[in-house]
Amino acid sequence: MAPPADRPAAEPGALANLNARSREIFRRIVESYLTTGEPVGSRHLSRMLPITLSPASVRNVMQDLEELGLIYAPHASAGRLPTQHGLRFFVDALLEFGDLGREERARIDAQVRAGAEGGGYEGALAETTSVLSELTSGAGIVLTSKSDPALKHVEFLRLEPEKALAVLVAEDGSIENRVIDTPAGLPASALMEASNYLNARIIGRTLSEVMAEIESDRRRARGELDAIAARLVDAGLASWAGASEARDQLIVRGQANLLGDVRAAEDIERIRTLFADLETKTDVIELLHRAETGNGVKIFIGSENKLFSLSGSSMIAAPLRGGDHRIAGVLGVIGPTRLNYGRIVPMVEYAAQVLGELRRSR
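All figures in this text were calculated on a predicted structure; none of them were measured in a lab.

Cut-offs and rules
- Residues numbered from 1 in each chain as written.
- Predicted model: local features only at pLDDT ≥ 70, side-chain atom pairs only at ≥ 80, totals over all residues.
- Heavy atoms only, no water.
- Pairing = 2+ DSSP bridges.
- Helix = DSSP H or I, 4+ residues; strand = E, 2+ residues; numbered from the N terminus.
- Axes fitted to C-alpha atoms, helices over the stretch in contact; angles between N-to-C directions.
- Contact = heavy atoms within 4.5 Å.
- Phe/Tyr/Trp six-rings, centres within 6.5 Å; stacked < 30°, edge-to-face > 60°.
- Buried < 20%, exposed > 50% of the residue type's maximum accessible area, 1.4 Å probe, protein only.
- Lys NZ or Arg CZ within 6 Å of the ring centre and 35° of its normal.
- Lys, Arg positive; Asp, Glu negative; His and termini not counted.
- Salt bridge = Lys/Arg side-chain N within 4 Å of Asp/Glu carboxyl O.
- Expected span 1.5 Å × (residues − 1).
- Bend = angle between axes of the 7 residues up to and from the residue.

A. View of the sheet that holds strand β4 (residues 151-160). As summarised here, the arrangement of the 3 strands in space is β4-β5-β6, forming an open sheet in which the pairing is antiparallel. Two strands in the sheet have a free side with no partner beyond their single neighbour: β4 and β6 (175-181). Each adjacent strand pair in this sheet contributes to an overall mean axis angle of 20°, direction not counted. In terms of strand pairing, β4 meets strand β5 (residues 163-170) through 8 bridges, oriented antiparallel. Bridge assignment links R158 to a residue of β5, and that residue is A164. Relative to the sheet, helix α7 (residues 188-199) contacts β4 and β5, its axis offset from that of β4 by approximately 175°.

B. Region of the structure containing the packing of aromatic side chains. The final tally for this structure, using the stated rule, is 1 aromatic pair. Summarising the aromatic geometry, the rings of F26 and F89 are spaced 5.7 Å apart at their centres and angled 40° between planes, so their arrangement reads as tilted. Highlighted residues: F26 in helix α2 (residues 20-36) and F89 in helix α5 (residues 84-94), separated in sequence by 63 residues. For the residue pair F26 and F89, the accessibility class agrees, reading buried in each case. We note R105 situated over the ring of Y350; from NZ or CZ to the ring centre the distance is 4.7 Å. Between R201 and the ring centre of Y197, over which it is positioned, the NZ or CZ distance is 3.6 Å.

C. Layout of the side chain of K298. Mapped onto the elements of the fold, K298 is located in strand β9 (residues 298-301). Comment: no salt bridge for buried K298; closest opposite-charge side chain is D181, at 4.5 Å. With near-sequence residues (within four places) excluded, K298 lies in contact with K163, V179, D181, M315, I316 and A317.

D. Focus on the environment of A194. Tracing the backbone shows A194 in helix α7. Assessed through its relative accessible area of 1%, A194 is described here as buried. As a C-alpha pair, A194 and E155 span 39 residues in sequence and 8.1 Å in three-dimensional space.

E. Highlighting helix α6 (residues 102-136). Compared with the 51 Å implied by 1.5 Å per residue over 35 residues, the 16 Å span of α6 between its first and last C-alpha is markedly short. By the largest-angle criterion, G119 marks the main kink of α6, which is about 145°. Immediately downstream of α6, the backbone of S137 shows phi near 60°, a positive value.

F. Quick peek at α5. For α5, the tally of buried residues reaches 8 of 11 residues, placing the bulk of the element in the interior. What α5 keeps buried is the set Q84, G86, L87, R88, F89, F90, V91 and L94.

G. Local environment of the pairing of β6. Within β6, 5 of the 7 residues are buried, which leaves it mostly tucked inside the rest of the structure. Here 7 bridges tie β5 to β6, and the two strands are oriented antiparallel to one another. Counted as the bridge partner of A164 is I180 from β6.

Structure (structure tokens):
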């Protein structure tokens, strides 16, 4: 029986309200899976728990966890395994990250610097993926791009309600992927609109060039909007809050007067167009700024891993920063969903830090 990856997730409140006993049993199920990859049954769990609990009581808790979509039975008579949703809950709410050991730090330092001595920064990148692969038994990956290359395609992909993946495809074939935070409530249509808007302008130009042009266009549109609004205010046809407010506002009154004033009617229509244009440009600029500054180690579990579309794998990724501290690539590890997240996250984070220091010193 395949894990019910498409099963609706439980309400966040229901997960937050899990009592201590339920959380402990769930944690034991996940930790057993991460260690062995095998289902665990109620009898075995009752012996593992630090409290006295009968197998029957454990089964009742497991039933509740199954109804919440956190665990499932791979076979009718088997024990339980965590679902993808359960793993995400474990990582976000229950996972404790360990400290990277002195030996592991020393090994990463030594191999990365040895790679740099033999092959420069490219050699350091190659050696970092090798040492991460060796230490984690996963696949070490690195994605980098030249500083501000000419681009041919940009795309924003929704990952979570407030997370997106910015995919920047350069003319030389290199691809840079940046996990970014998005504003709460930003619709998926805004991501698609931003992608379309940029792709009509980006070919053969750098991200900085396009951002500068969009900012310039936005200032011109703002100036035109203010001028038209001022004209309508002087004519007594509108009230205008302007750019100083948190949100633009235009209140039109005396609409009947517009019928006899062709220019006023045209101004109102132009204002509608400018509002829409400014909103698009604002969304695009905000997404680009977020793409430039996205940071922190990210964990993608199962089908969340849009970058490689491997539903049975997980990816732990950290940003690589250049001398100007802007993101210059991504370093990570790909492996099965039962990766040792608590151990690997600080490992990837430290390796990215070492590479960043190496790059800034060049």
